[in-house]
Amino acid sequence: MLTRLSLNRAIGGLSISARCASTSEVAQDSSLIGREIYAGNTIVRLILKDTKRRNALSLKMIEQLHTELREIDKIQKVRSIILSAEGPAFSAGHDLKELRYSSAEDPLGDECRHSTVFDKHAALLQFMQSMHLPVIAEVGGVAAAAGCQLIASCDVVVASEAATFSVPGQKVGLFCSTPAVPLSRAVPAKVAMDMLLTAEPIDAQAALRAGLVSRVVPAGEERHEAIRVAEAIGKHSRSVTAMGKSFFYAQLGLPLTHAYKVGGRVMVENLKLADAQEGINAFVGKRHPEFGHGSEKAFDEKKLYAQKEALQKQEK
């Protein structure tokens, strides 16, 4: 049972990261993650390749994945990213060897290392939801603990019928507290608590019913379906997609009335984009739109505001 005292200690422990100097750097060896390109360089498929450790989210894996995503998000031609894995496990979660206390003589050093792992993983997942590009998880096998946390943080999840999802930390005496954060935002609370407390896995169809995954396909078809989803996204404006993704996650925590107000303002800004006006004009003209995928406005915004101010002065 987590007592109020122990919870307060955990919250107080948030200051640990400020005391711990991170000595980890992204390794030059990129063998943990592969990269494939599809659809005229508009889709990047990243592949977790640490099959010997069931694609464990080690600190090295976390850092490399974060670096890959940052780099790809800057490439204007790319429209979406697929996150996949080799072997029977999408990811078995954190590397438990990194979470042991290795020396009774230096527990603070171990505590700093543990904080670094969780802080960097949290930074990775938060970045994924703040990216311009949508991230599609392609899951063909086991997604457990932090691996389940990873797919819960993706925008779209395509799962094979053979995939399973679990947060089994209870089995080793480590409640999946950080995986619970995106899990509880993706599925109903009762489903999340069932998974967290029992540590039992759910299959792909149960995950679909709960809302943890977007679609389920026969085993072996998940790669093709993920690419098909990415291609469908790629037909639309990159800039409008980025604006929509940003608003979607921002509004989740807002009261309904506030969410509608912010949503209205975002749509007004969206309408200013050249791509929005191109799309509307194409629809009215019964033709296919030719999106520029940039942030260019459909008009000279400074000139518009100058005209608006002049009009307001005349009215006075």
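Within an unreviewed UniProt entry, the label attached to the protein chain reads Enoyl-CoA hydratase domain-containing protein 3, mitochondrial, and the organism entered is Pristionchus fissidentatus. In the Subcellular location (unreviewed entry) part of its UniProt record, the protein chain is described as follows: "Mitochondrion".

**Q** So what exactly am I meant to see when it comes to the packing of aromatic side chains here?
**A** Here a ring pair, both rings aromatic, is described through the centre-centre distance and the interplanar angle of the planes. With the rule as written, the count across this model stands at 1 aromatic pair. On the basis of an interplanar angle of 85° and a centroid distance of 5.2 Å, the ring pair of F248 and Y249 is categorised as edge-to-face.

**Q** Hey, could you run me through a nonpolar patch on the surface in this one?
**A** Nonpolar side chains collect at one region of the surface, where L271, I280, F283 and V284 lie side by side and expose about 440 Å² of accessible area between them. Of all the elements, helix α12 (residues 274–284) adds the most residues to the nonpolar patch, at 3 residues. Mapped onto the fold, L271 is located in helix α11 (residues 256–272).

**Q** Is there a simple way to explain the sheet that holds strand β4 (residues 89–91) in this structure?
**A** Each strand in a sheet pairs with another by means of backbone hydrogen bonds, the pair being arranged parallel or else antiparallel. Spatially, β4-β6-β8-β9 is the arrangement adopted by the 4 strands of the open sheet, whose pairing is mixed. Taken across any chain shown, the strands that pair with only one partner, and hence form the sheet edges, are β4 and β9 (202–203). Here β4 runs beside strand β6 (residues 142–144); their pairing, made up of 2 bridges, is parallel. Bridge assignment links S91 to a residue of β6, and that residue is A143.

**Q** Would you explain helix α4 (residues 107–130) in this entry?
**A** Quick reminder: α-helices carry 3.6 residues per turn. Residues three or four places apart thus point the same way. In a regular helix each residue adds 1.5 Å, so 24 residues correspond to 34 Å; α4 covers 35 Å between its end C-alpha atoms and thus fits that length. Considered for burial, the residues of α4 that qualify are D110, C112, H114, S115, T116, V117, H121, L124, L125, F127 and M128.

**Q** What is the right way to look at the sheet that holds strand β7 (residues 156–160) in this model?
**A** An order of β1-β2-β3-β5-β7-β10 is seen for the 6 strands of this open sheet, with the pairing classed as mixed. Among the strands making up the open sheet, the edge pair consists of β1 (33–38) and β10 (215–217). Shown here is a sheet whose adjacent strand axes are inclined to one another by a mean of 20°, direction ignored. Where strand β3 (residues 80–85) lies against strand β5 (residues 135–139), 3 bridges are found, and the strand directions are parallel. Among the inter-strand pairings, I82 is bridged to a residue of β5, identified as I136. The sheet contacts of helix α3 (residues 59–73) involve β1, β2 (43–48) and β3, and relative to β1 the element is tilted by about 25°.

**Q** Would you explain the nonpolar core in this entry?
**A** Where a protein is soluble and globular, its nonpolar side chains tend to be buried together. Within the largest apolar cluster, 55 residues are counted, with the highest numbers of intra-cluster contacts made by L46, L69, L83, V139, I151, F165 and L212. Here this core takes 6 residues from α3, the largest share from any one element. Setting aside its immediate chain neighbours within four residues, L69 contacts L46, I81, L124, F127, M128 and M131. Membership of the second largest hydrophobic core comes to 11 residues, among which are I43, V156, A226 and A230.

**Q** Sorry, what's going on with the environment of A123 here?
**A** Positionally, A123 belongs in helix α4. With relative accessibility at 35%, the residue A123 sits in the partly exposed group.

**Q** Before we go on, may I ask you to explain the packing of helix α6 (residues 177–186) against helix α7 (residues 189–198) in this structure?
**A** For the pair α6 and α7, the least separation of the axes is 8 Å and the interaxial angle reads 150°. Accordingly, the angle class assigned to the pair α6 and α7 is roughly antiparallel. α6 and α7 meet at a crossing whose hand is right-handed. For the pair α6 and α7, the contacting residues are A180, L183 and S184 in the first and A192, M195 and L196 in the second.

**Q** Teacher, can you tell me more about α7 here?
**A** Within α7 the residues assigned to the buried category are A192, M195 and L196. Projected down its long axis, α7 carries its buried residues within an arc of 95°, all on one side. Taken together, the buried residues of α7 touch β8 (164–166), α6 and β9. With its phi angle positive at about 65°, A199 sits one or two positions after the end of α7.

**Q** I would appreciate a short explanation of the packing of α11 against α12 in the present structure.
**A** Packed helices, taken two at a time, are described by the angle their axes make and the gap between the axes. In the contact formed by α11 and α12, the axes pass within 4 Å of each other and the chain directions differ by 80°. By the angle class used here, α11 and α12 are roughly perpendicular. Contacts between α11 and α12 pair N270, L271 and K272 from the former with A274, A276, Q277 and I280 from the latter. The class makeup of the residues in the contact of α11 with α12 is 4 nonpolar, 2 polar and 1 charged.

Each value, and the rule that gives it
Numbering of residues starts from 1 in every chain and runs along the sequence as written. For a predicted model such as this one, the threshold for reporting local features is a pLDDT of at least 70, and the threshold for listing and counting side-chain atom pairs is 80 or more; totals across whole chains, interfaces and linings nevertheless cover every residue. In computing side-chain values, all of the structure's heavy atoms are included and hydrogens and water are not. UniProt positions are given in the numbering used here, feature names are shortened, and annotations may be inferred rather than shown by experiment. Pairing of aromatic side chains here covers Phe, Tyr and the six-membered ring of Trp, requires ring centres within 6.5 Å, and sorts the geometry by plane angle: under 30 degrees stacked, over 60 edge-to-face, intermediate tilted. Excluding any residue in a salt bridge, patches collect residues exceeding 30% relative accessible area, merging like charges within 9 Å and nonpolar Val, Leu, Ile, Met, Phe, Trp and Tyr side chains within 5 Å. All accessible areas in this document rest on Shrake-Rupley with a 1.4 Å probe, and a residue is counted as covered only by the protein chains that are shown. By salt bridge we mean one thing: a side-chain nitrogen of Lys or Arg within 4 Å of a carboxyl oxygen of Asp or Glu. In this description a helix means any DSSP run of H or I spanning at least four residues, a strand means any run of E spanning at least two, and both kinds are numbered starting from the N terminus. Each pair of strands is called paired provided DSSP finds at least two bridges between the two strands. The span one expects for a helix is its residue count, reduced by one, times 1.5 Å. Relative accessible area decides the class of each residue, using a 1.4 Å probe on protein chains only: under 20% of the type maximum gives buried, over 50% gives exposed, and in between gives partly exposed. Only C-alpha atoms enter the line fits that serve as axes; for helices the fit covers just the stretch in contact. Angles between N-to-C directions range over 0 to 180 degrees. Throughout, a contact is declared for two residues whenever any of their heavy atoms are within 4.5 Å. The definition of a nonpolar core used throughout is a set of buried Ala, Val, Leu, Ile, Met, Phe, Trp, Tyr and Cys residues joined through side-chain atoms within 4.5 Å. Angle categories: roughly parallel below 35 degrees, roughly antiparallel above 145, roughly perpendicular from 65 to 115, and oblique for all the rest. Left-handed describes a crossing in which the near helix is turned anticlockwise from the far one by less than a right angle; the clockwise case is right-handed. Taking the helix axis as origin, the arc is that swept by the directions to the C-beta atoms. Amino acids outside the nonpolar list (Ala, Val, Leu, Ile, Met, Phe, Trp, Tyr, Cys, Pro) and the charged list (Asp, Glu, Lys, Arg) are all regarded as polar, and Gly is one of them.

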